[in-house]
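So you can see what is in the structure, the chains are spelled out below.
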Amino acid sequence: MIQKTIIPETHICSHKVGEVIFASLCICIFSFLSVKTYAQEDSLQANRYVMRATMYGVGFANVYDTYLSPQEYVGTDFRISRETMRMTKLFDGNVSVQNFFQANISYTHNKVDNNNTFAGLVNWNYGLHYQFRITDNFKLLAGGLADLNGGFVYNLRNTNNPASARAYINLDASGMAIWHLKIKNYPIVLRYQANIPVIGVMFSPNYGQSYYEIFTLGNSSGVVQFTSLHNQPSIRQMLSVDCPIGSSKVRFSYLWDMQQSRVNQINTHTYGHVFMVGFVQDLYRIRNKKGTPLPSAIRAY
């Protein structure tokens, strides 16, 4: 005779309730840990993602320097630039840092085409922007940049003073607009940026003064002058579009670089209209404050 063991219904119900409660607690704990871990990772990653762009361009140059000649010289401008941008932890992670380097060299001629000049300039900008996120796809940036410049203009026919040096440092006001959009499901990124020097210092000889007098004879009085909007009305503007092509991202940009000065009775300007193209990379920055060597298994060199 087979005997059936009867388990009380109350025991079965309490057992099932306990399993449900245990499973619910596990799900809640897992969800909490997942959200917390994701938030921590997201917070760490935000200031480690770096946008880096390398650009090459060619365009139009207009060079004028009354220290060398009363004539304007026009010709071709060749330019290279390298830029990085990333977020920081400042102001709850709403501030980005920009590091922008560019160098150009131009070959120009005067109107009657009987003389030529070479001109070159190296420019480095480093600064911060506060990001105002208007929508998920559109934001405005405002901030300031340190603006360092050094270069030369060389006149091929002058014998007494054949060259003029360019050296100036500014604090720029900077603004930017960035718009992510799609054209028929094709994603692109538009950006416009403008930098205006507000205050700075500039090296400039006095009109008719030779560099021999300045550096050999020591007649250097007044060669370093305060600059602002009244004697250095300048602006750098850039319009760019980023387009994904396959697994890469290509940037096309137009740069209008207008540098002007009226210092020590010398008028100068360098106008550049340059079209540039290059590649954009999204990188992840590894922090290694102690400089500890990477494991040999992952080292490339």
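One can find the structure itself at the top, above this paragraph.
Parameters at a glance
Every chain is numbered on its own, with residues counted from 1 as its sequence reads. Totals for whole chains, interfaces and linings use all residues, but because this is a predicted model, local features are given only for residues with pLDDT of at least 70 and pairs of side-chain atoms are given and counted only at 80 or more. Excluding hydrogens and water, the side-chain figures rest on all heavy atoms present in the structure. For Phe, Tyr and Trp, rings pair up if their centres lie within 6.5 Å, where Trp contributes its six-membered ring, and each pair is then called stacked (planes under 30 degrees apart), edge-to-face (over 60) or tilted (otherwise). Helix and strand definitions follow DSSP, with helices as H or I runs of at least four residues and strands as E runs of at least two, each counted in order from the N terminus. When a residue's accessible area, from a 1.4 Å probe over protein chains only, is under 20% of the maximum for its type it is buried; when over 50% it is exposed; and in between it is partly exposed. Exposure above 30% relative accessible area and no salt bridge define the residues that can form patches, which grow by joining like charges within 9 Å and nonpolar side chains of Val, Leu, Ile, Met, Phe, Trp and Tyr within 5 Å. Each accessible area is a Shrake-Rupley result for a 1.4 Å probe, and residues are judged covered by the shown protein chains and nothing else. Salt bridges are identified by distance alone: a Lys or Arg side-chain nitrogen within 4 Å of an Asp or Glu carboxyl oxygen.

S.K.: Can you lay out the packing of aromatic side chains for me, pointing to particular residues and giving the numbers?
M.R.: Scanning the entire structure with this criterion turns up nine aromatic pairs. Taken together, a centroid distance of 5.3 Å and an interplanar angle of 40° make the contact between Tyr254 and Phe275 tilted. Separated by 21 residues along the polypeptide, Tyr254 in strand β10 (residues 248-263) and Phe275 in strand β11 (residues 266-284) bring together distant segments of the chain. Overall, Tyr254 belongs to the partly exposed group, its relative accessible area being 29%. Every member of this aromatic cluster is reached through a ring pair, and the members are Tyr67, Phe203, Tyr211 and Phe215.

S.K.: Give a detailed account of unusual backbone geometry, specifying residues and quantitative values.
M.R.: A positive phi angle, near 50°, is found at Phe91, a position not held by glycine. Note that Phe91 resides in the loop between β2 (72-87) and β3 (95-109). The backbone phi angle of Gln265 is positive, close to 60°, even though this residue is not glycine. Counting through the fold element by element, Gln265 comes out in the loop between β10 and β11.

S.K.: Run through a nonpolar patch on the surface, naming residues and quoting values.
M.R.: Side chains of Val58, Phe78, Ile105, Tyr107, Phe118, Phe152, Tyr154 and Leu156 sit close together on the surface and give an oily, nonpolar patch of about 710 Å² of accessible area. Contributions of two or more residues to the nonpolar patch are made by β3 and β5 (138-155). Within the secondary structure, Val58 sits in strand β1 (residues 49-65).

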